[in-house]
Amino acid sequence: MAPDKIKGYRHLPAFLLLALAQAPGHGAALFARLGEILPLMNLDSGAVYRTLASLEADGEVAGTWDTSGRGPAKKIYHITAVGWKRLDFWREDIAYRVRLLETFLDTARTVQDNRPEENA
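So, how was this worked out
- Residues numbered from 1 in each chain as written.
- Predicted model: local features only at pLDDT ≥ 70, side-chain atom pairs only at ≥ 80, totals over all residues.
- Heavy atoms only, no water.
- Core = buried A, V, L, I, M, F, W, Y, C linked by side-chain atoms within 4.5 Å.
- Buried < 20%, exposed > 50% of the residue type's maximum accessible area, 1.4 Å probe, protein only.
- Helix = DSSP H or I, 4+ residues; strand = E, 2+ residues; numbered from the N terminus.
- Contact = heavy atoms within 4.5 Å.
- Phe/Tyr/Trp six-rings, centres within 6.5 Å; stacked < 30°, edge-to-face > 60°.
- Lys NZ or Arg CZ within 6 Å of the ring centre and 35° of its normal.
- Pairing = 2+ DSSP bridges.
- Salt bridge = Lys/Arg side-chain N within 4 Å of Asp/Glu carboxyl O.
- Axes fitted to C-alpha atoms, helices over the stretch in contact; angles between N-to-C directions.
- Parallel < 35°, antiparallel > 145°, perpendicular 65-115°, else oblique.
- Nonpolar A, V, L, I, M, F, W, Y, C, P; charged D, E, K, R; others polar.

**Topic: the nonpolar core**
For soluble globular proteins, the rule of thumb is that nonpolar side chains tend to be buried together.
Now for step 1: Ranked by size, the top nonpolar core spans 21 residues in total, and within it Leu12, Leu16, Leu17, Leu20, Leu30, Leu34 and Leu52 carry the most contacts.
Now for step 2: At the level of secondary structure, the elements contributing two or more residues to this core comprise helix H2 (12–22), helix H3 (27–37), helix H4 (45–57), strand E3 (74–79) and helix H5 (81–113).
Now for step 3: Of all the elements, H2 adds the most residues to this core, at six residues.
Now for step 4: The contact partners of leucine 30, leaving out residues within four places of it in the chain, are Leu16, Ala19, Leu20, Gly25, Leu52 and Tyr77.

**Observations regarding the packing of aromatic side chains**
Now for step 1: Counted by the stated rule, this structure contains one aromatic pair.
Now for step 2: Relative to tryptophan 90, the ring of phenylalanine 89 lies with its centre 5.9 Å away and its plane at 65°, an arrangement referred to as edge-to-face.
Now for step 3: Using a relative accessible area of 39% as the deciding quantity, one classes phenylalanine 89 as partly exposed.
Now for step 4: Over the ring of phenylalanine 89 we find arginine 86; its NZ or CZ atom is 5.4 Å from the centre of that ring.

**Quick word on the pairing of E3**
Now for step 1: Here E3 shows a clear split, with Lys75, Tyr77 and Ile79 buried on one side and none of Lys74, Ile76 and His78 buried on the other.
Now for step 2: Pairing of strand E1 (residues 25–26) with E3, which is carried by two bridges, proceeds in the antiparallel orientation. Paired with glycine 25 across the bridge in E3 is tyrosine 77.
Now for step 3: Across six bridges, the pairing between strand E2 (residues 61–66) and E3 is antiparallel. The residue of E3 that forms the bridge with glycine 63 is tyrosine 77.

**Some words on the side chain of histidine 11**
Now for step 1: With respect to the element layout, histidine 11 can be found in the loop between helix H1 (3–10) and H2.
Now for step 2: When its relative accessible area of 18% is taken as the criterion, histidine 11 is described as buried.
Now for step 3: Look past the residues within four positions of histidine 11 in its chain and what remains in contact with it is Trp90 and Ile94.

**Topic: the pattern of salt bridges**
Where charged atoms from two side chains of opposite charge approach closely, those side chains can pair.
Now for step 1: Counting across every chain of the model gives five salt bridges.
Now for step 2: The salt bridge involving arginine 109 is made with aspartate 106; its shortest N-O contact spans 3.0 Å. Residue arginine 109 and its partner aspartate 106 are both found in helix H5; the two are separated by three residues, about one turn of the helix.
Now for step 3: When its relative accessible area of 46% is taken as the criterion, arginine 109 is described as partly exposed.

**Points about the packing of H2 against H3**
Axes are the key here: two packed helices are described by the angle between their axes and the distance separating the axes.
Now for step 1: Relative orientation of the contacting elements H2 and H3 amounts to 105°, with a least axis distance of 10 Å. Our classification of the angle between H2 and H3 gives roughly perpendicular. Residues Leu12, Phe15, Leu16, Ala19, Leu20 and Gln22 of H2 form the contact with H3, whose own contacting residues are Leu30, Arg33, Leu34 and Ile37.
Now for step 2: Its residues assigned to classes, the contact of H2 with H3 comprises eight nonpolar, one polar and one charged.

This is how it looks when you write it as structure tokens:
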């Protein structure tokens, strides 16, 4: 698995909740929406469906079957109250991690700018 997949999948539940906070949708529509939110991410549709199933099992999303259109029925997902709380958690957690990473980058930049010259 490519490194970008490993990093992105760790936060896939957060991005799916974010996509569902924008509007309900079925799996393929959410996959497309994630492609817009994460244009550099090489997503696997199977991971999206597995994550949706996990979010549904945890009560963070709920799905209802739409049989009104042509073709096979589509499960339309929407974020629940539990999902909104989880999205709040993700926002706070990611903001904290961003602050930590910014601190690291600022400190590393200062250290590297002031490093001693190596003896040749």
